[in-house]
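# Summary of the model geometry
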Number of protein chains: 2
Amino acid sequence: MKKRLLVVGGVAAGPKAAAKARRCDPEMEIAIYQEEDEISYAGCGLPYYISGVIQEREDLISRTPGKFALEGIKILKNRRIEKIDISDHVIIGKRIGSGETFTDRFDQLVIATGAYPIRPKIEGIHLGNVFYLRSILDADAIYERIQSGGIQNVTIVGGGYIGLEMAESLIHLGKKVTIVELAPQILTLFDEDFAGILRQYLERKGVNVFTSEGIQALEGKGGRVSHVTTVSKEIETDMVLMSLGIRPQVELAKQAGLRIGETGAIWVNEKMETSIEGIYAAGDCAETTHLITGKKVWIPLGSTANKQGRVVGVNVCGGNAIFPGVMGTTVFKTFDFNVAKTGLSMREAEMEGFRPIQAIVRGYDRAHYYPGEKESTLKVIADKGTGRILGGQAIGEGPSDKFIDILAMALHDKMTCRELVNVDLAYAPPFSPVLSPIIVAANVLSNKLDGNVEGISAAEVREKLETQKKNFQVIDVREEDEVKEKRIPNTTWIPYGDLKNRMGELDREKEIVVHCESGLRSYKACLKLQHEGFQDVKNIDGGMLCWCYDVEPEGNEKG
Amino acid sequence: MKKRLLVVGGVAAGPKAAAKARRCDPEMEIAIYQEEDEISYAGCGLPYYISGVIQEREDLISRTPGKFALEGIKILKNRRIEKIDISDHVIIGKRIGSGETFTDRFDQLVIATGAYPIRPKIEGIHLGNVFYLRSILDADAIYERIQSGGIQNVTIVGGGYIGLEMAESLIHLGKKVTIVELAPQILTLFDEDFAGILRQYLERKGVNVFTSEGIQALEGKGGRVSHVTTVSKEIETDMVLMSLGIRPQVELAKQAGLRIGETGAIWVNEKMETSIEGIYAAGDCAETTHLITGKKVWIPLGSTANKQGRVVGVNVCGGNAIFPGVMGTTVFKTFDFNVAKTGLSMREAEMEGFRPIQAIVRGYDRAHYYPGEKESTLKVIADKGTGRILGGQAIGEGPSDKFIDILAMALHDKMTCRELVNVDLAYAPPFSPVLSPIIVAANVLSNKLDGNVEGISAAEVREKLETQKKNFQVIDVREEDEVKEKRIPNTTWIPYGDLKNRMGELDREKEIVVHCESGLRSYKACLKLQHEGFQDVKNIDGGMLCWCYDVEPEGNEKG
């Protein structure tokens, strides 16, 4: 009897595992069970299908059942697997529609059941025009609803990346968009400063953003949603997109007695094998290891699912592939902003017991003299004790993805900032400044490790300006044209070139904080002040790049 | 007496060293000597200034003498340093123009004398309209000559990256451009296949490319160049750009008795200190270490010069910075092609005693369904013995720079292809396919290490088709539309889907080589053939992507 491999779940990890297993073993019987009517589609492309950027629905389908058949892989759609009988090596399921029960024998089993959207138990959640976006069928429903007209105001509940991708798509379609987020910031995986930059950008693009606003209920008219009620607001709306995140789909695994990890996803070893031999799990239903903290994490992503699928495909054929874990690398686009992250944020690093320091620099995509420049703001984080790079964030129209990929590789290498200053990255004027922004940031971090100048975050400065104004002076060392455009209220303006002659104006007893546009001139100013005997001098990390609070003249927000 | 730092050379490494030294030591006296009338300019931007892409000459100047003065750094232009008196710690020089001699005392000295263009000793080399492109004054001369009219045909001697950047600039200006290269290929640091892809692209852009053509003489009329004579040709020309490469400017160092390295550049240790204490060298005049081979190399680049300048700036102030070396990373743009490399080529790896294997894949910049896709052809090279990544090359309109930066980081990490398959790179549809092309290539390499299917290069296949046609069969497994567009002559066409049923048509005694467009379908075809008992089966690395030779129908070149 030929070996029989069954795969439960047909979107990403499942099909990948099946395809790889076929290449490793041409004889094995392979079948994929899928609950939906579609298999092997690009879940990450759904926001772009709704917006019309991707015009043909079939473009989202990676491989058709016919292509799988060509490789001798059987696709069994519209079938829900309800039970795994471990001792008999059998799965038991029902056909969608007819309800007919069936069983199927396996030698090895792959669980790739994915994840499902969080559906909060609030009043009105079952009203019409309340949507989720997880499967291609969800996308079909949203697409059809929007096409059929009458939708003007859309409320997105949740400020994560799917919500932010959808904000772009909906504005693109001419809708009025409001984002409602429970946390004090959108994009909670990023630090407050970068989330602030994005929020201001979204507001310039016409998106209403409300944070610290938990939703309490949905109200309706004629069975359709008409209002979203939060703690402090009532928001008129024609449609709601619930984008509160997802949870791993582990019911089948749990019922079969497979070990569920501390993250709530299916526990697997490095070979992606579950607690029961011969049964593997991969993709959004499985947990993995964070390679910086060493802890188990659940970070569902299409790219990870594909890599894990390959590992499973090798191992079900007797191979010995491993999936060591992830760095938490992520990227998304909203309007023309490219937003990316790898490793830990400042907040996460602190929570993990590191002593993080940060460098925030301008992330240009080319030499300053080469026309057409695009810029992202780049943050690189290192541990103060060891200098080890812990993470990075990039946001803006520049090559955030490139910066973050370089940093992800630095994380894989456990590089320190002192090593990162000398990496041999590609330079020519159309591709990079002569020193990559990554290297500039690594230099800033190395300087901090050397104890040259201490940094202070914009958030801390704002707090001190509000609470300790008396003992605290902020010096703006920019040029006149920059200061006229916008400045931080209650600061002293002394252009960098005048500093030497005007030091007498400063109070040596007070804490001095210096800033410029991005941090270089203010760094040099701090060095000068220290040299002249000023004791308590700090440089604002990222300068105006990260100042997302009030400015003068009013209304002149960063931009 | 204050410590006195003198810097000889004011373009890149020198000014960087001075600026960093100033930040490390506010008291030190610092002066920069420069032979030209300009300092601190972007040598790498010159081709774009000539083409008009960069419109203002002053944009090329990074820092003016006034900016240096603000930091207390003295700029002494139009002064040629002719001697270093080591025992007296004095440099001796002459003012350009007046010829007046001067001396200056130093405590520490930085030599950043750069490099000069190779000027071959051939007949006619001193004719008018024969140019070099190294300094901003060279660029001025070329710019003025072109602006003043009468230049129609330009011959570029040398197919390196400066020549190729200038080819774009000159075509942009409406000139007729011919490249003459002594070697059998342009771009000799790249492998033959990638150089072939670029050559075909340049020819489509209207550039004449002649390889294996050593120039023998320049002929003139009325004192101006009119013809370039090569071994086999006489090329009519109004202007010649000699772009044969550069050599390190080491005369001053040599005369002072500093050790010159095996590469011909100034020997330095990891601290960038020369063989004499207190004298440092940095930038294009100094050699460094190749981090893969461990050998001394001379790879002059603006980015390296800046990093080395920083290291020197720290060390002249008593610091302990090191510059470990380079990976040979390089990138340039010609027309819309981004061409990049890091580490070793196949040829270089073989010469260094590695057993290199290669993966060549399509390097898309986004998910296949996300519109506006750009593509580079990507090659990743690993050592067959250890799996260690040795290098990579990327060429095309796609994100070659991003791919190569990721690979450069993999090289810094001494990663193997088996580790590279699982790196956590940023994925979202607008930024990358779900599996980064880097990871796809790493998978191909891992499969090769596993001995699944052997690869064969396009060059080897062409040779075998010419010399061993009898015992050799090439199978094209692409679809009809692809084959109709262009195909390799003397091959058998069996679409992948038909292979199973048509295996009988193949001769089991002969060597079989399979190809498709990029290598995936042919890989699967090879697996099928092996499974059916075919013994001698190989996959053409990169398929049609790397086939730069004759095709049918004729004239239907790649692209």
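Since the model is a prediction, treat every value here as computed from it, not as a measurement. (Residues numbered from 1 in each chain as written. Chains lettered and ligands numbered in written order. Predicted model: local features only at pLDDT ≥ 70, side-chain atom pairs only at ≥ 80, totals over all residues.)

## Some remarks on the packing of helix α1 (residues 13-24) of chain A against helix α8 (residues 302-315) of chain A
All names here are of chain A. Applied cut-off: An axis is simply a line fitted to the C-alpha atoms; with a helix, the fit covers only the stretch in contact. Between two such axes, the angle follows the N-to-C directions and lies from 0 to 180 degrees. Helix and strand definitions follow DSSP, with helices as H or I runs of at least four residues and strands as E runs of at least two, each counted in order from the N terminus. Handedness of a helix crossing follows the sense of rotation of the near helix relative to the far helix, less than a right angle counterclockwise being left-handed and clockwise being right-handed. Residues are defined as contacting one another if the C-beta atoms placed from their backbone atoms lie within 7 Å. Gly is put with the polar residues, along with every residue not named as nonpolar or charged; the nonpolar set is Ala, Val, Leu, Ile, Met, Phe, Trp, Tyr, Cys and Pro, and the charged set is Asp, Glu, Lys and Arg.
Viewed as axis vectors pointing N to C, α1 and α8 meet at an angle of 35°, and their least axial separation amounts to 7 Å. Like other packed secondary-structure pairs, α1 and α8 cross with a definite hand, here right-handed. Contacts between α1 and α8 involve Ala13, Gly14, Lys16, Ala17, Ala19, Lys20, Ala21 and Cys24 from the former and Ala305, Asn306, Gln308, Gly309, Arg310, Val312, Gly313 and Val314 from the latter. Among the residues forming the contact of α1 with α8, the class breakdown is eight nonpolar, five polar and three charged.

## Thoughts on the sheet that holds strand β16 (residues 239-242) of chain B
Each strand in a sheet pairs with its neighbour through backbone hydrogen bonds, running either in the same direction (parallel) or in the opposite one (antiparallel). All names here are of chain B. Definition in use: Note: two strands are recorded as paired if DSSP finds a minimum of 2 bridges between them.
Pairing is parallel across the open sheet formed by five strands, whose spatial order is β9-β16-β10-β11-β12. The open sheet has two edge strands, β9 (130-132) and β12 (208-210), and neither has a second partner. In this sheet, adjacent strand axes meet at a mean angle of 20° when their direction is disregarded. Here strand β11 (residues 176-180) runs beside β12; their pairing, made up of three bridges, is parallel. Across the sheet, residue Thr178 finds its bridge partner in β12, namely Asn208. Where helix α5 (residues 161-172) meets the sheet, it contacts β10 (153-157), β11 and β16, and its direction lies at approximately 165° from that of β11.

## Section: the packing of helix α10 (residues 400-412) of chain A against helix α10 (residues 400-412) of chain B
Short version of the rule: Any angle that falls under 35 degrees is termed roughly parallel, while one over 145 is termed roughly antiparallel, one within 65 to 115 roughly perpendicular, and all others oblique.
For the pair α10(A) and α10(B), the least separation of the axes is 9 Å and the interaxial angle reads 15°. The angle between α10(A) and α10(B) falls in the class roughly parallel. Handedness of the crossing formed by α10(A) with α10(B): right-handed. Of α10(B), the residues touching α10(A) (which contributes Lys402(A), Asp405(A), Ile406(A), Met409(A) and Ala410(A)) are Lys402(B), Asp405(B), Ile406(B), Met409(B) and Ala410(B). Partitioning the contact of α10(A) with α10(B) into residue classes produces six nonpolar, no polar and four charged.

## Examining the pairing of strand β23 (residues 356-364) of chain B
Residue and element names in this part refer to chain B. How we decide: Buried means a residue has 20 or more other C-beta atoms within 10 Å of its own C-beta, exposed means 12 or fewer, and partly exposed covers the counts in between; C-beta atoms are placed from the backbone.
Among the nine residues of β23, eight are classified as buried, and the element is accordingly described as predominantly covered. Sheet analysis places β23 next to strand β24 (residues 375-383), joined by nine bridges and oriented antiparallel. Residue pairing in the sheet places Pro356 in a bridge with Asp383 of β24.

## Quick look at helix α4 (residues 136-147) of chain A
Structural remark: α-helix, 3.6 residues per turn; residues separated by three or four positions point the same way. Residues and elements named next belong to chain A. The condition is simple: To estimate how far a helix should extend, the number of its residues minus one is multiplied by 1.5 Å. The arc under discussion is defined with respect to the helix axis, by the directions toward the C-beta atoms.
Under the 1.5 Å per step criterion, the end-to-end length of α4 is 16 Å for twelve residues, consistent within 8% with the ideal 16 Å. Buried within α4 are the following residues: Ile136, Ala139, Ile142 and Ile146. Projected down its long axis, α4 carries its buried residues within an arc of 120°, all on one side. Exposed residues lying more than 90 degrees from the buried face of α4 are Leu137 and Glu144. The elements touched by buried residues of α4 are α2 (46-51) and β9 (130-132). Trailing α4 by a residue or two, Gly149 shows a phi angle of about 90°, which is positive.

## Side note on the environment of Gly318(A)
Residue and element names in this part refer to chain A. With respect to the helices and strands, the residue Gly318 is situated in the loop between α8 and β21 (330-334). The class for Gly318 is exposed, based on 10 C-beta atoms found within 10 Å. Sequence separation of Gly318 and Ile125 is 193 residues, and the distance between their C-alpha atoms is 47 Å.

## Observations regarding the interface of chain A and chain B
Counting from both sides, the interface comprises 57 residues of chain A and, opposite them, 56 residues of chain B. At the level of secondary structure, the elements contributing two or more residues to the side of chain A that touches chain B comprise α8, β21, α10 and α16 (520-531) of chain A. The greatest single-element share of the side of chain A that touches chain B, amounting to nine residues, is contributed by α10(A). Classifying every residue of the side of chain A that touches chain B by side-chain character gives 36 nonpolar, ten polar and eleven charged.

## Some remarks on the domain arrangement of chain A
Residues and elements named next belong to chain A. Here is the rule: Start and end points for every domain follow an automatic or database-based domain assignment.
Looking at chain A, the domain boundaries give domain 1 (4-115 + 247-315), domain 2 (130-244), domain 3 (330-449) and domain 4 (454-546). On a C-alpha basis, the centroid separation for the pair domain 3 and domain 4 is 24 Å. Opposite the seven residues of domain 3 that make contact, domain 4 presents seven residues. Residues of the side of domain 3 that touches domain 4, tallied by class, amount to three nonpolar, two polar and two charged.

## Considering the sheet that holds β9(A)
Residues and elements named next belong to chain A. Read across the open sheet, the five strands follow the order β9-β16-β10-β11-β12; overall the sheet is parallel. One side of each edge strand has no neighbouring strand; the edge strands of this open sheet are β9 and β12 (208-210). Geometrically, the sheet is characterised by an average inter-axis angle of 20° between neighbouring strands, direction not taken into account. As paired strands, β9 and strand β16 (residues 239-242) are joined by three bridges and run parallel to one another. Residue pairing across strands places Tyr132 opposite Met242, the latter belonging to β16.

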